Amino acid sequence: MKFLKIFEKKGPGGFDYDQWITAAEIELATKQAALTDAFNLGQWTSWNADLAAGKIFFSDESGVRVVGEVQIVGSRGSKDWLWAWANKGLPAAFVQDSALAKAFGDEHGIEELSQASVTAADLEPVGWRLTAAVVRLSDAIGAYSAPTGTGALLLAIKTLTRV
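Reading the values: the criteria
Residues numbered from 1 in each chain as written. Predicted model: local features only at pLDDT ≥ 70, side-chain atom pairs only at ≥ 80, totals over all residues. Heavy atoms only, no water. Helix = DSSP H or I, 4+ residues; strand = E, 2+ residues; numbered from the N terminus. Expected span 1.5 Å × (residues − 1). Buried < 20%, exposed > 50% of the residue type's maximum accessible area, 1.4 Å probe, protein only. Contact = heavy atoms within 4.5 Å. Polar contact = N/O pair within 3.5 Å; in protein donor to acceptor, adjacent residues only side chain to side chain. Axes fitted to C-alpha atoms, helices over the stretch in contact; angles between N-to-C directions. Parallel < 35°, antiparallel > 145°, perpendicular 65-115°, else oblique. Nonpolar A, V, L, I, M, F, W, Y, C, P; charged D, E, K, R; others polar.

## Details of helix H1 (residues 17–39)
Then comes step 1: With 23 residues, H1 extends 31 Å from end C-alpha to end C-alpha; this agrees with the ideal 33 Å at 1.5 Å per step.
Then comes step 2: Among the residues of H1, Tyr17, Asp18, Trp20, Ile21, Ala24, Leu28, Gln32, Leu35 and Phe39 are the ones counted as buried.
Then comes step 3: In this structure, the buried side of H1 is in contact with strand E3 (63–76), helix H2 (96–108), helix H3 (111–114), helix H4 (123–138), strand E6 (142–147) and strand E7 (152–162).
Then comes step 4: A side-chain oxygen of the first residue of H1 lies 3.2 Å from the backbone nitrogen of Asp18; this N-cap is Asp16.
Then comes step 5: Asn40, located one to two residues past H1, shows a positive phi value of around 55°.

Written as structure tokens, this is what we have:
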């Protein structure tokens, strides 16, 4: 939603990033609601990931109930957001979707998509906004914020299956 035109972020050729990212966030919210309804996303008692295999597992006290394929979008720490494409410690096969954001950012002159890290006072909404961009660019079915000791690992969900 635009209140003042002076806050628009337009890249080369007049691309309106604010409008595009707002649409991406709305799309992600819709996808997240569908995943919550279909797979109880966000309601499982535990999660585990095998990042080398690009897999996530959601479990309850009876065991694994949902398995998914994921791409790593980035990590949110206490001080900054780091794109997965910029993190050399992650498996290259599972950061390809995050690289779509970098290419899109480079093409349209959008710094938060093309720079390796982003700082902000409140990184949680930043991480979700940047993840929404990747979900839109890669046509993922949703996302998951996997809590870590110091923040979260944001994942784009490509598939989910009940087991």
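## Brief notes about unusual backbone geometry
Then comes step 1: A positive phi is found at Asn40, a non-glycine position, where the angle reads about 55°.
Then comes step 2: Its place among the elements puts Asn40 in the loop between H1 and strand E1 (46–50).
Then comes step 3: Backbone geometry at Asp139 places phi at a positive 60°, although glycine is not the residue there.
Then comes step 4: Mapped onto the elements, Asp139 comes out in the loop between H4 and E6.
Then comes step 5: Residue classification places Asp139 among the exposed positions, given a relative accessible area of 61%.

## Considerations on the packing of H2 against H4
Then comes step 1: For the pair H2 and H4, interaxial distance at closest approach is 9 Å and the crossing angle is 95°. Classified by the interaxial angle, the pair formed by H2 and H4 is roughly perpendicular. Facing Asp97, Ser98, Leu100, Ala101 and Phe104 of H2, the residues of H4 in contact are Val134, Leu137 and Ser138.
Then comes step 2: For the contact of H2 with H4, the class distribution of residues is five nonpolar, two polar and one charged.

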